[in-house]
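# Descriptive structure summary
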Amino acid sequence: MLQHVRWMIMLVGMTVVVAACSTAPAPAAPERLTVLVTTQQIGDAVQNVAGEQVELVMLLGPGIDPHTYVPTESDLRKLERADVIFANGLHLEARMDRVLEQLATREGKRVVLLGNQLDRANLLSWEPEAGFPYDPHVWNDVRLWKEVVAVIATTLADADPSNAATYQANAMAYAAELDELHAYLLAQAEMIPAERRVLVTAHDAFGYFGRAYGFEVAAVQGLSTQAEASAADIQELAQIIIEGNVPAIFIETTVSPRTIEAVQAAVHNATGQPVRLGGELYSDAMGAPSSGAETYIGMMRHNMDTIVAALGA
Ligand SMILES: [Zn+2]
């Protein structure tokens, strides 16, 4: 009986709370969209388009390899909560493909795989036999990234029509900055003699960069870091460096330097000559705050400037 009375009191209490809620005034400002992005590159694009108009949630920070990243429980909760999800797609976030696919079926949730929105004719090929026909590292060609920014602006304008004009205006202004960046990168690449424009890295993230700015690219690992590099891969790359007289090779922020150091050792063993390490490139993630590479433009400039310093002299 006593138990019953307690329940009654609780129920009465709850009714009062519910009644209080229903008479509370509506919030003055409309709710901001929650926009979740996987990579820093996409986060920077959203920030340029939307500024403070949206709540930005980013999953992959500096130094995190998107090819091997497995979402945590807390990531899954964030994905659940987001109104709009932007991912790179094209199998970059390999371990998230399935959850993104599931979320895309939810009503009211917008899930956009940005790379998949690009014109296929402009994409480089990857591993068609494995079911992944296109190279996912699309941000490394500024012209493609400009198209990605346009897709982000259209999606946000659609999801949040009251701010649509702001998103479109910001995207236009940012596109002009990207045009400037593209011109800068082309001009910098010209400073390296044509025969020295060979970019050797740990994994094959720079295919679009090579095509856009005139470099041959070679890497120890394929387009994904999911498979380990073999001794044969290392020997093969050492041969390319020796035959091409490549002056410097590069480590990456999201890949262990071990593989590129193994290549360096193989060249040294074969020729008695060292090949220099040209510095560190941001391949699949951008820099930490105040590294100068914490924005997309800063990262692209850092990479090109590092390459020019190492190969141009
Ligand atoms: Zn990669």
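Scroll up for the structure.
Attention in this report is confined to the structure presented alongside it. (Residues numbered from 1 in each chain as written. Predicted model: local features only at pLDDT ≥ 70, side-chain atom pairs only at ≥ 80, totals over all residues.)

Moving on: the overall build of the protein. Tallying secondary structure elements over the protein gives ten helices and ten strands in all. Residues classed as buried in the protein amount to 40% of the 313 residues present. Counting contacts in the protein only where the partners sit at least 6 residues apart, residues at least 24 apart contribute 65% of the total. (Helix = DSSP H or I, 4+ residues; strand = E, 2+ residues; numbered from the N terminus. Buried ≥ 20, exposed ≤ 12 C-beta atoms within 10 Å, placed from the backbone. Contact = placed C-beta atoms within 7 Å.)

Moving on to the pairing of strand E10 (residues 276-281). Summarising the sheet, strand E9 (residues 248-252) and E10 pair through four bridges and their orientation is parallel. In the strand pairing of E10, Glu-252 is matched with Leu-281. As for the winding sense of the linkage, the β-α-β connection from E9 through helix H9 (residues 258-271) to E10 is right-handed. (Pairing = 2+ DSSP bridges. Right-handed = clockwise from strand over helix to strand, strands pointing away.)

Judged by nonpolar contacts, the single largest core of 80 residues is most densely connected at Val-46, Val-49 and Phe-86. Here the element with the most residues in this core is helix H5 (residues 142-159); it accounts for eight residues. Counting contributing residues, this core receives three or more from each of domain 1 (33-185) and domain 2 (191-311). The contacts of Val-49, once residues within four sequence positions are left out, are Val-149, Ile-152, Ala-153, Leu-156, Tyr-167, Asn-170, Ala-171 and Tyr-174. Listed in part, the five residues of the second largest apolar core include Leu-90, Leu-92, Leu-123 and Trp-126. (Core = buried A, V, L, I, M, F, W, Y, C linked by C-beta atoms within 7 Å. Domains from an automatic or database assignment.)

It is worth spelling out the environment of Ala-219 at this point. By secondary structure assignment, the location of Ala-219 is in strand E8 (residues 216-221). Sequence separation between Ala-219 and Asp-204 is 15 residues; the distance between their C-alpha atoms is 5.2 Å. Here Ala-219 is in contact with Thr-201, Ala-202, His-203 and Asp-204, once residues within four sequence places are set aside.

The contact between helix H8 (residues 231-244) and H9 brings their axes to 9 Å, and the two run at 60°. One element, H8, and the other, H9, form an angle in the oblique class. Judged by the sense of rotation from one axis to the other, the crossing of H8 with H9 is right-handed. Residues Ile-234, Gln-235, Leu-237, Ala-238, Ile-241 and Ile-242 of H8 pack against Ala-262, Val-263, Ala-266, Val-267, Ala-270 and Thr-271 of H9. (Axes fitted to C-alpha atoms, helices over the stretch in contact; angles between N-to-C directions. Parallel < 35°, antiparallel > 145°, perpendicular 65-115°, else oblique. Left-handed = near helix turned anticlockwise from the far one by under 90°.)

Time to look at the sheet that holds strand E3 (residues 84-87). If you walk across this open sheet you meet the four strands as E2-E1-E3-E4, and the pairing is parallel. Since the sheet does not close on itself, it has two edges, and those belong to strand E2 (54-58) and strand E4 (110-113), each with one partner. Between one strand axis and the next, the sheet turns by 20° as a mean value, whatever way the strands run. In the sheet, E3 pairs with E4 via four bridges, with the strands oriented parallel. From the neighbouring strand, Val-84 faces E4, where its bridge partner is Arg-110. Running over the sheet, helix H2 (residues 40-50) touches strand E1 (33-37), E2 and E3 and is turned about 170° from E2.

Moving on, we get to the pairing of E8. Looking at chain direction, strand E7 (residues 198-203) and E8 are connected through five bridges and run parallel. For Val-200, the partnering residue across the bridge sits in E8 and is Ala-218. Handedness of the crossover joining E7 and E8 through helix H7 (residues 207-213) is recorded here as right-handed.

Over its 16 residues, helix H10 (residues 296-311) extends 23 Å from the first C-alpha to the last, a length consistent with the 22 Å expected when each residue adds 1.5 Å. Turning to H10, its buried residues are Tyr-296, Met-299, Met-300, His-302, Asn-303, Met-304, Ile-307, Ala-310 and Leu-311. Buried residues in H10 make contact with H2, H5, helix H6 (164-189), E7, E9 and E10. (Expected span 1.5 Å × (residues − 1).)

Once that is clear, we can look at the packing of H5 against H6. When two helices pack together, you describe them by how their axes are tilted relative to each other and by the distance separating the axes. Contact pair H5 / H6: the axes reach a minimum separation of 9 Å and the direction vectors enclose 175°. In terms of their interaxial angle, H5 and H6 are classed as roughly antiparallel. Here Val-142, Arg-143, Trp-145, Lys-146, Val-149, Ala-150, Ala-153, Leu-156 and Ala-157 of H5 come into contact with H6, specifically with Ala-164, Tyr-167, Gln-168, Ala-171, Tyr-174, Ala-175, Leu-178, Leu-181, His-182 and Leu-185. Classifying every residue of the contact of H5 with H6 gives 15 nonpolar, two polar and two charged. (Nonpolar A, V, L, I, M, F, W, Y, C, P; charged D, E, K, R; others polar.)

Right, let's get into unusual backbone geometry. In the Ramachandran plot, His-91 falls in the positive-phi region, its phi being about 70° despite a non-glycine side chain. For Ser-290, which is not glycine, the phi torsion reads 60° and is therefore positive.

Quick look at the environment of Ala-309 now. Counting through the fold element by element, Ala-309 comes out in helix H10. Residue classification places Ala-309 among the partly exposed residues on the basis of 14 C-beta atoms within 10 Å. Put simply, Ala-309 and Gly-279 are 30 residues apart on the chain and 9.2 Å apart in space, counted from C-alpha to C-alpha.

Bear in mind that shape data such as this cannot, by itself, settle questions of function.
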